[in-house]
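This is what each chain is made of:
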Amino acid sequence: MGEIESLLRDDLRGRTPYGAPQLDVPVRLNTNENPHAPSAALVADLADRVVEAARLLNRYPDREAVALRTGLATYLSTTTGVELGAREVWAANGSNEVIQQLLQAFGGPGRTAVGFDPTYSMHRLISEATGTRWLGLERLAGFRLEPEQAALVVREHRPDVVFLCSPNNPTGTALDLDVVEAVHDQAPGLVVVDEAYAEFATRPSAVTLLDGRPRLVVTRTMSKAFALAGARVGYLAADPDVVDALHLVRLPYHLSATTQAAALAALAHTDELLATVQTVKEQRDRLVDGLRAMGLEVVDSDANFVLFGEFGDQRSTWQGLLDRGVLVRDVGLPGWLRVTAGTEDEVTAFLDAMRDGLGEVP
Ligand SMILES: *Cc1c(COP(=O)(O)O)cnc(C)c1O
């Protein structure tokens, strides 16, 4: 054991960090980003706002990010019909930081978080990094969750934090709200619904369940539909008491002035950014149809990616695609791969590569 390794926290020793490969290949369909770059108008607006913010960079930013939280609350209210204000919304550097703050406040040593596998790997990784015990629960066939079954296992384990992910990464499956309600009814602690892909879904948001459920938290991100992954902005909607609790663990001034400016610029261009959602969904449907036409299994998706298989050895298909210049994601689920809906040309390149001998079911 190396010297540094011997000094490391016991529970972190030997662990592998999050590591989606960032490879320089022509077609990158592995991290579920929006393939459409910001418009020239948005880039110009964002630059203006960042210049404004830069004039005051000698000062700390608004620690409460009130303008941004108000804008995000307005966006959520407009899209879900639920009246929300800045007190019910919290923002941080990506929804991963939001999740980290939730676990710092409500998880930690001696506490347990659960999620339903396969699901977003960061729920487990952030749980463990904050000293929270992680328990992966099982899904039904077809990666489904039913209200009674999900509520039953949650009641059995009595976790401090439950993660639901809808639409779920990597399966693309969305939850009916009765699953969220049933789990919440049986959970003794916080229930976090990760809605990173909500804008691509057809089902209603769990935001509509917040009223009267102070233990329910809905997380969102600007990294996917909003096409702002590089700016690192995520947020949540919850009871103001949850937001107050997060103040105990957040670092002072955690959201930089330039980040807040960039996010506000994006919000000012909401309509234009969300117009790409329809285009992306069309490409997702092309992926589904194209892969099914090859005889492959494709899980119905409410997100901007699809899970497809089943391969005897998904690793060799992954490598075969990479050899043809197409990067997809091996999420570590035996037999399956995940591909992001890119531009029309990217999806064509992917489907051509698959037809080039890779789409045959072994
Ligand atoms: C991509 C993704 C996020 C986004 O994380 P950010 O830190 O906001 O970029 C959150 N949850 C899930 C399930 C995701 O797939």
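What counts and how
Residues numbered from 1 in each chain as written. Predicted model: local features only at pLDDT ≥ 70, side-chain atom pairs only at ≥ 80, totals over all residues. Heavy atoms only, no water. Helix = DSSP H or I, 4+ residues; strand = E, 2+ residues; numbered from the N terminus. Rg over C-alpha atoms; globule rule 2.2 N^0.38 Å. Contact = heavy atoms within 4.5 Å. Areas by Shrake-Rupley, 256 points an atom, 1.4 Å probe, with all protein chains shown as cover. Near = heavy atom within 4 Å. Polar contact = N/O pair within 3.5 Å; in protein donor to acceptor, adjacent residues only side chain to side chain. Nonpolar A, V, L, I, M, F, W, Y, C, P; charged D, E, K, R; others polar. Expected span 1.5 Å × (residues − 1). Buried < 20%, exposed > 50% of the residue type's maximum accessible area, 1.4 Å probe, protein only. Arc of directions from axis to C-beta. Pairing = 2+ DSSP bridges. Axes fitted to C-alpha atoms, helices over the stretch in contact; angles between N-to-C directions. Core = buried A, V, L, I, M, F, W, Y, C linked by side-chain atoms within 4.5 Å. Domains from an automatic or database assignment. Buried area = accessible area lost by both parts, 1.4 Å probe. Salt bridge = Lys/Arg side-chain N within 4 Å of Asp/Glu carboxyl O. Parallel < 35°, antiparallel > 145°, perpendicular 65-115°, else oblique. Left-handed = near helix turned anticlockwise from the far one by under 90°.

1. Here's the deal with the overall build of the protein
- Of regular secondary structure, the protein possesses 12 helices and 12 strands.
- Taken over the C-alpha trace, the protein has a radius of gyration of 21 Å; the compact-globule value for 362 residues is 21 Å, and the two agree within 12%.
- Across its three principal axes, the protein shows a C-alpha extent of roughly 55 × 55 × 55 Å.
- The contacts of the protein with a sequence gap of at least 6 include a subset with a gap of at least 24, amounting to 73%.
- Total accessible area computed for the protein in this model is approximately 16,200 Å², and 50% of it derives from carbon and sulfur atoms.

2. As for the site of the ligand
- Taken together, 13 residues lie around the ligand, and Ser95, Tyr197, Thr221, Ser223 and Lys224 are the ones closest in.
- With respect to the ligand, the side chain of Tyr197 contributes an N or O atom lying 2.5 Å from an oxygen atom.
- One nitrogen or oxygen atom from the side chain of Arg232 is found 2.8 Å from an oxygen atom belonging to the ligand.
- When the free accessible area of the ligand is taken as 390 Å², the share hidden by the protein chains comes to 94%.
- For the shell around the ligand, a count of residues per class yields four nonpolar, six polar and three charged.

3. Brief notes about helix H12 (residues 344–358)
- Over its 15 residues, H12 extends 20 Å from the first C-alpha to the last, a length consistent with the 21 Å expected when each residue adds 1.5 Å.
- Three or more residues of H12 are buried, namely Glu346, Val347, Phe350, Leu351, Ala353, Met354 and Leu358. Axial view of H12: buried residues confined to an arc of 155°, hence all on one face. Opposite the buried face of H12, at more than 90 degrees from it, the exposed residues are Glu344, Asp345 and Arg355.
- Structurally, H12 contributes buried residues whose contacts are with strand E1 (27–28), helix H10 (270–293), strand E10 (305–309), helix H11 (314–323), strand E11 (326–327) and strand E12 (337–340).

4. Brief notes about the sheet that holds strand E9 (residues 297–298)
- Sheet architecture is open: three strands sit in the order E9-E10-E12, paired in antiparallel fashion. Each end of this open sheet is capped by a strand with a single partner; those strands are E9 and E12.
- In this sheet, E10 lies alongside E9 in antiparallel orientation, the contact comprising two bridges. Following the sheet pairing, Val298 is matched in E10 by Phe308.
- Docked against the sheet, H10 engages E9, E10 and E12, running at close to 10° with respect to E10.

5. Quick word on the nonpolar core
- Counting 49 residues, the largest nonpolar core has Leu68, Leu72, Val162, Leu164, Val180, Val183 and Met222 as its most contacted members.
- For Val183, the residues in contact, after removing those within four places along its chain, are Ala150, Ala151, Val154, Val162, Leu164 and Val191.

6. Focus: the domain arrangement of the protein
- The domains assigned to the protein are domain 1 (3–30 + 272–360) and domain 2 (40–268).
- Centre-to-centre, using C-alpha coordinates, domain 1 lies 24 Å away from domain 2.
- Each partner contributes to the interface: domain 1 provides 26 residues, whereas domain 2 provides 29 residues.
- Summed over both sides, the interface of domain 1 with domain 2 buries roughly 2,100 Å², with 63% coming from carbon and sulfur.
- Where domain 1 touches domain 2, the interface holds two salt bridges.

7. Here's the deal with the packing of helix H6 (residues 147–157) against helix H7 (residues 177–186)
- Between H6 and H7, whose axes approach to 8 Å, the crossing angle comes to 25°. With respect to H7, the axis of H6 lies roughly parallel. Along this stretch, H6 crosses H7, giving a crossing that reads as right-handed. From H6, Pro147, Ala150, Ala151, Val154 and Arg155 reach across to H7, where they touch Asp178, Val179, Ala182, Val183 and Gln186.

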